[in-house]
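For reference, the chains in residue letters:
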Amino acid sequence: VLLVKRDPGFNIIVDDVDRFSATIKLDIKNQDYFNELFNIKITLNGVTKDYAPDGVNFDNLEEDTDYVVNVSYDLDKHPNIDKTVNSSQTKQFKTHAFTAPKHGLSIENITHNSLTVKKNTELETSSWIQDVIVHVGRLSFNMGNNSEIVCSDLYKGVEYEVYFEYVVVDPESGKVYP
């Protein structure tokens, strides 16, 4: 017996993908054939939901992860067969990864023996930047979660390499990124 799988009359569209959710929609290419399908189910990450014309949303996904969405369906009117035929179509996609914001730290008020580091608290993401340590040459200054720190006891006429060490706390997941 040779069985030929017919095009189901739709394409799977993965829409509104973010870090923790995605919406699955069907782009109907052949309305007449699609109307013959029934019991259309969408399965993602072990969760199965009934098809809805406006799309089916799946939450509680992991960020930066590959997923396979499966759309299964039944069809009564298959040529030369008197019974219901079930079939499925799959599509792969990946959720987005966390993107760290700009740190918003700047060096201001440089004098002959000090400099001031300020955090731009007007940035919506400024609270994400935490546990800041300012390295000035061989010296380290613990800014913590403060909005500014004065780094003093520097020597006049010396060039210092300045860099920042901090963590980024994702407000959505609570994860801490170095």
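To keep things clear, this report deals only with the structure shown in the data block. Everything numeric in this text was worked out from a predicted model, so none of it was measured.

Conventions used here
Residues numbered from 1 in each chain as written. Predicted model: local features only at pLDDT ≥ 70, side-chain atom pairs only at ≥ 80, totals over all residues. Heavy atoms only, no water. Helix = DSSP H or I, 4+ residues; strand = E, 2+ residues; numbered from the N terminus. Buried < 20%, exposed > 50% of the residue type's maximum accessible area, 1.4 Å probe, protein only. Contact = heavy atoms within 4.5 Å. Pairing = 2+ DSSP bridges. Axes fitted to C-alpha atoms, helices over the stretch in contact; angles between N-to-C directions.

**Quick word on the environment of Ile 133**
Step number 1: Its place among the elements puts Ile 133 in strand β10 (residues 129-136).
Step number 2: Residue Ile 133 is classed as partly exposed on the basis of its relative accessible area, which comes to 26%.
Step number 3: Expressed as a C-alpha distance, the spacing of Ile 133 and Tyr 166, which sit 33 residues apart in the sequence, is 6.3 Å.
Step number 4: Leaving out residues up to four positions away in the same chain, Ile 133 has contacts with Ser 140, Phe 141, Asn 142, Tyr 163, Phe 164 and Glu 165.

**Points about the sheet that holds strand β1 (residues 10-15)**
Step number 1: An order of β1-β2-β5 is seen for the three strands of this open sheet, with the pairing classed as antiparallel. Looking at strand neighbours, the two that pair on one side only are β1 and β5 (56-58), the edges of this open sheet. Averaged over neighbouring strand pairs, the angle between their axes works out to 25 degrees when direction is ignored.
Step number 2: In the sheet, strand β2 (residues 22-28) pairs with β5 via three bridges, with the strands oriented antiparallel. Across the sheet, Ile 24 pairs through a bridge with Val 56, a residue of β5.

So, to be careful, I would describe these as geometric facts and stop short of saying anything about function.
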